[in-house]
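If you want the building blocks of each chain, they are given just below.
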Amino acid sequence: MAKTYSPKKVVVTVKGIPLGGYTDGTFVEVDYTSDAFTIVTGADGESTFVENADVSGTITITLKASSDSNDILSSLHNQDRADLSGVFPVFIKDTTGRDTFVAAEGRIMKMATGTKSNDLDDRTWVIGCLKIDSFVGGTNS
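Every value quoted in this text rests on a predicted model; they were computed, and no experiment measured them.

(A) Examining the pairing of strand β6 (residues 57–64) more closely. Within β6, 6 of the 8 residues are buried, leaving the element largely enclosed by the surrounding structure. Bridge analysis of strand β3 (residues 28–32) against β6 gives 5 bridges, and the strand direction is antiparallel. Along β6, the bridge assignment pairs Tyr-32 with Gly-57. The pairing of β6 with strand β9 (residues 122–129) spans 8 bridges and is antiparallel. Pairing of Lys-64 across the sheet is with Asp-122, part of β9.

(B) How the structure looks around the side chain of His-77. Structurally, His-77 can be placed in helix α1 (residues 69–83). With residues up to four places along the chain from it excluded, the contact list for His-77 reads Ile-108, Met-109, Lys-110 and Met-111.

(C) Region of interest: the environment of Lys-116. As for its placement among the helices and strands, Lys-116 is situated in the loop between β8 (100–108) and β9. When the C-alpha positions of Lys-116 and Ala-65 are compared, they lie 9.1 Å apart, and in sequence the two are 51 residues distant.

(D) Geometry of α1. Along its 15 residues, α1 runs 21 Å from first to last C-alpha, staying within 8% of the 21 Å computed at 1.5 Å per residue. Residues of α1 that are buried make contact with β1 (10–14), β2 (17–18), β6, β7 (88–94), β8 and β9. One or two residues past the end of α1 sits Leu-84, with phi positive at roughly 60 degrees.

(E) Focus on the pattern of salt bridges. Summed over all chains, the structure comprises 2 salt bridges. Arg-107 is paired through a salt bridge with Asp-80; the nearest N and O atoms lie 2.7 Å apart. Of the two residues, Arg-107 sits in strand β8 while Asp-80 sits in helix α1, which places them 27 residues apart along the sequence. Exposure remark for Arg-107: the relative accessible area of 28% places this residue in the partly exposed category.

Reading guide: rules and limits
- Residues numbered from 1 in each chain as written.
- Predicted model: local features only at pLDDT ≥ 70, side-chain atom pairs only at ≥ 80, totals over all residues.
- Heavy atoms only, no water.
- Buried < 20%, exposed > 50% of the residue type's maximum accessible area, 1.4 Å probe, protein only.
- Helix = DSSP H or I, 4+ residues; strand = E, 2+ residues; numbered from the N terminus.
- Pairing = 2+ DSSP bridges.
- Contact = heavy atoms within 4.5 Å.
- Expected span 1.5 Å × (residues − 1).
- Salt bridge = Lys/Arg side-chain N within 4 Å of Asp/Glu carboxyl O.

Now the structure itself:
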């Protein structure tokens, strides 16, 4: 049976607010800070898997410069810089598949770079997250 993926069906919300106006190509990237396990090998060659408790990471969202979502993220970041109120939940779901990423506590790490050119530039927003719960699955439809 044929399956279909649609980038239009990827839902991203920040503080419960849906985002949109994504760039062409990669527009959402979830990256953990650390590997889940490391291998420690002793002098005698015996190895052990060691679980890493660090489940923090970053969620990178790339928007077109024309996206109204830049206003939302910029306002959240500026408010955070003013009163440290910028911790918010992040939710990402591919509704044509089973991928889900949830972070209860995210914060914009720095303002997106404001570039101007004779093309429509991108705005890249990096959200640092204390804990990311992930499920990376296949496509439903």
